[in-house]
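# Remarks on the overall topology
Single-letter residue listing:
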Amino acid sequence: MKIILLGPPGAGKGTQAQFIIENLGIPQISTGDMFRATVASGSSLGSKLKEIMDSGSLVSDEIVIEVVKERISQPDCSGGFLFDGFPRTISQAEVLDIFLDSMKMNIRATISLDVEDFILEDRLIKRGKTSGRLDDQNINKIRNRFKEYNKKTLPLINYYKSLNKFYSISGTGTIDEIRDKLVNMINQLKLND
Ligand code: ADP
């Protein structure tokens, strides 16, 4: 099963991804985590990425796509995977579809976690106090990420709706409640296969 978890910064994608990958036994592909690992490696690409990420802007489609293609070509992805934080632009989604098609694969579902902005801001500021992430520690950077999300990522909803692959659930409530809703939704998808 190949699934995309969609949602604004702070929606809980990373938290919920853990439950889904355990439930389905598939790897999680978080482009944010991959880029943070590149930053930590201290490479020259890492220092470029750090600047972009710290400001709350998006990394270029070209870099993102290269990293993702490399990752999903690995053997552990042949049975499925969960994207968290990718695709974030229409062009990333289009290139992904062409690439998956060439490997005789396709996305089963895109599930969006819906949370209101004021709750997201609160969650991110709290996370910034413990995560050490600079992009979580400044309200202007956080708002820039929302702006990027609304402008570049939200159009993906219509993209996946037009392919009949779009699902959404509320991302507010307890972590367990959201997990149960997600797991039920995925079980339903499996039943329909
Ligand atoms: P968030 O909590 O904001 O959703 P992530 O941990 O997923 O953040 O990603 C952190 C940063 O990494 C983003 O703000 C962006 O700069 C970069 N990034 C991650 N994934 C992508 C992507 N698919 N396209 C462009 N930039 C990305």
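These lines cover the structure that appears in this document, whether it is placed above or below. (Residues numbered from 1 in each chain as written. Predicted model: local features only at pLDDT ≥ 70, side-chain atom pairs only at ≥ 80, totals over all residues. Heavy atoms only, no water.)

Turning to the overall build of the protein, a few remarks are in order. Scanning the protein from N- to C-terminus turns up 9 helices and 5 strands. In terms of overall dimensions, the protein is globule-like: its C-alpha atoms have a radius of gyration of 16 Å, near the 16 Å expected for 193 residues. Taken over 193 residues, the protein has a buried fraction of 44%. Taking contacts inside the protein between residues at least 6 apart in sequence as the whole, the part at least 24 apart equals 72%. Summed over its atoms, the accessible surface of the protein is roughly 9,900 Å², and 52% of this surface lies on carbon and sulfur atoms. (Helix = DSSP H or I, 4+ residues; strand = E, 2+ residues; numbered from the N terminus. Rg over C-alpha atoms; globule rule 2.2 N^0.38 Å. Buried < 20%, exposed > 50% of the residue type's maximum accessible area, 1.4 Å probe, protein only. Contact = heavy atoms within 4.5 Å. Areas by Shrake-Rupley, 256 points an atom, 1.4 Å probe, with all protein chains shown as cover.)

In the region of the ligand, 18 residues are neighbours, and Thr 31, Arg 36, Ser 57, Arg 127 and Arg 145 sit closest. Taking Ser 57, its main chain carries an N or O atom lying 2.5 Å from an oxygen atom of the ligand. Side-chain polar atom of Arg 88 to an oxygen atom of the ligand: 3.0 Å apart, as the coordinates give it. Protein chains bury 97% of the 550 Å² of accessible surface belonging to the ligand in isolation. (Near = heavy atom within 4 Å. Polar contact = N/O pair within 3.5 Å; in protein donor to acceptor, adjacent residues only side chain to side chain.)

What follows deals with the packing of helix α2 (residues 31-41) against helix α3 (residues 44-55). Contact geometry of α2 with α3 gives a least axis separation of 7 Å together with a crossing angle of 125°. As far as their axial angle goes, α3 and α2 are oblique. Where α2 crosses over α3, the handedness of that crossing is left-handed. In this structure, α2 contributes Gly 32, Phe 35, Arg 36, Thr 38 and Val 39 to the contact, and α3 contributes Leu 45, Gly 46, Leu 49, Lys 50 and Met 53. Grouping the amino acids of the contact of α2 with α3 by side-chain chemistry returns 5 nonpolar, 3 polar and 2 charged. (Axes fitted to C-alpha atoms, helices over the stretch in contact; angles between N-to-C directions. Parallel < 35°, antiparallel > 145°, perpendicular 65-115°, else oblique. Left-handed = near helix turned anticlockwise from the far one by under 90°. Nonpolar A, V, L, I, M, F, W, Y, C, P; charged D, E, K, R; others polar.)

Now for the side chain of Asp 84. With respect to the helices, strands and loops of the structure, Asp 84 is situated in strand β3 (residues 81-84). At 2.9 Å, the side chain of Asp 84 forms a polar contact with the side chain of Gln 28. In this structure Asp 84 touches Leu 5, Lys 13, Gly 14, Ala 17, Gln 28, Ile 29, Ser 30 and Thr 31, once residues within four positions along its chain are discounted.

Our focus in this paragraph is helix α1 (residues 13-24). Here α1 contains 12 residues, and its C-alpha end-to-end distance of 16 Å stays within 8% of the 16 Å for a straight helix at 1.5 Å per residue. The complete set of buried residues in α1 reads Lys 13, Gln 16, Ala 17, Ile 20 and Ile 21. One side of α1 holds all its buried residues, which, seen down the axis, span an arc of 140°. On its buried face, α1 is in contact with β1 (2-6), β2 (28-30), β3, β4 (109-114) and α9 (175-192). (Expected span 1.5 Å × (residues − 1). Arc of directions from axis to C-beta.)

Our focus in this paragraph is the packing of aromatic side chains. Under the counting rule described, the total for this entry stands at 3 aromatic pairs. These aromatic residues form a ring-pair network of at least three members: Phe 81, Phe 83 and Phe 86. Above the face of the Phe 19 ring, Arg 179 is positioned so that its terminal group lies 5.4 Å from the ring centre. (Phe/Tyr/Trp six-rings, centres within 6.5 Å; stacked < 30°, edge-to-face > 60°. Lys NZ or Arg CZ within 6 Å of the ring centre and 35° of its normal.)

For the rest of this paragraph, the subject is the pattern of salt bridges. Per the counting criterion, the structure on display carries 14 salt bridges. Where Arg 71 meets Asp 76, a salt bridge forms, and the shortest distance between an N and an O atom there is 2.7 Å. A relative accessible area of 15% means that Arg 71 is categorised as buried. Residues Arg 133 and Asp 136 are paired through a salt bridge, measuring 3.8 Å at the closest nitrogen-oxygen approach. You can call Asp 136 buried: its relative accessible area is 0%. (Salt bridge = Lys/Arg side-chain N within 4 Å of Asp/Glu carboxyl O.)

Here we come to the sheet that holds β3. Whether parallel or antiparallel, the strands of a sheet pair through hydrogen bonds between backbone atoms. Taken together, the 5 strands give an open sheet; going across it, the order is β2-β3-β1-β4-β5, and neighbouring strands pair in parallel fashion. For this open sheet the edge positions go to β2 and β5 (166-170), each flanked by a neighbour on one side alone. On average, each strand axis in the sheet is inclined to that of its neighbour by 20°, with strand direction left out of account. With 3 bridges connecting them, β2 and β3 associate as parallel partners. Within the sheet, the bridge partner assigned to Ser 30 lies in β3 and is Asp 84. (Pairing = 2+ DSSP bridges.)

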